[in-house]
Amino acid sequence: MKPAPATVTRPRARTLPKVARPPLHKVILLNDDYTPRDFVVRVLKAEFRLSEDQAHRVMITAHTKGSCVVAVFIKEIAETKANRATEAGRQQGFPLQFTTEPEE
Ligand code: TYC
């Protein structure tokens, strides 16, 4: 009788958890010449739950640089929040604009 071949053991393939994360989308605040600064801050606090301090910084960044990323969310939430915030300005007659774009 031949001896049984030596058992070859290989490390088990490592099972990586495949938890797909949804791609995130940025909400971007755009500067304009007409919307009052304190109104922009108020919308940022109300719609994005930013603190007074965070909202003021985001507003000033958009004011000086032209735009500022406010926050990131899954696509649907980003779009809903951007639309609601833009609509809040429109209701008061301001051209305040929020846009969204996928995060790279
Ligand atoms: N530029 C506006 C002003 O001088 C204020 C402002 C800041 C408007 C940021 C929009 O995203 C904005 N009254």
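Residues numbered from 1 in each chain as written. Predicted model: local features only at pLDDT ≥ 70, side-chain atom pairs only at ≥ 80, totals over all residues. Heavy atoms only, no water.

Enquirer: Help me understand the site of the ligand in this model?
Expert: Around the ligand sit Leu-29, Leu-30, Asn-31, Asp-32, Thr-35, Arg-37, Val-40, Met-59, Ala-62 and His-63, and those are all the residues in its vicinity. Between His-63 and the ligand, the recorded distance is 2.9 Å, taken from a side-chain N or O atom to a nitrogen atom. The fraction of the free accessible surface of the ligand (350 Å²) that becomes covered by protein chains is 88%. For the shell around the ligand, the residue count by class is five nonpolar, three polar and two charged. (Near = heavy atom within 4 Å. Polar contact = N/O pair within 3.5 Å; in protein donor to acceptor, adjacent residues only side chain to side chain. Areas by Shrake-Rupley, 256 points an atom, 1.4 Å probe, with all protein chains shown as cover. Nonpolar A, V, L, I, M, F, W, Y, C, P; charged D, E, K, R; others polar.)

Enquirer: How do you make sense of the nonpolar core when you look at a structure like this?
Expert: Most often, soluble globular proteins keep nonpolar side chains buried together rather than apart. In terms of nonpolar packing, the biggest core is built from 21 residues, with Val-27, Leu-29, Leu-44, Phe-48, Val-70 and Phe-98 touching the most fellow members. Per-element accounting of this core gives the leading share, six residues, to helix α1 (residues 37-48). If sequence neighbours within four positions are ignored, Val-70 has contacts with Val-27, Ile-28, Leu-29, Leu-44, Phe-48, Leu-50, Val-58 and Phe-98. (Core = buried A, V, L, I, M, F, W, Y, C linked by side-chain atoms within 4.5 Å. Buried < 20%, exposed > 50% of the residue type's maximum accessible area, 1.4 Å probe, protein only. Helix = DSSP H or I, 4+ residues; strand = E, 2+ residues; numbered from the N terminus. Contact = heavy atoms within 4.5 Å.)

Enquirer: Which parts of the structure should I look at to understand the packing of aromatic side chains?
Expert: Taken as a whole and judged by the stated rule, the model has three aromatic pairs. Here a set of aromatic residues connected by ring pairs shows up, and it is made of Phe-48, Phe-73 and Phe-98. (Phe/Tyr/Trp six-rings, centres within 6.5 Å; stacked < 30°, edge-to-face > 60°.)

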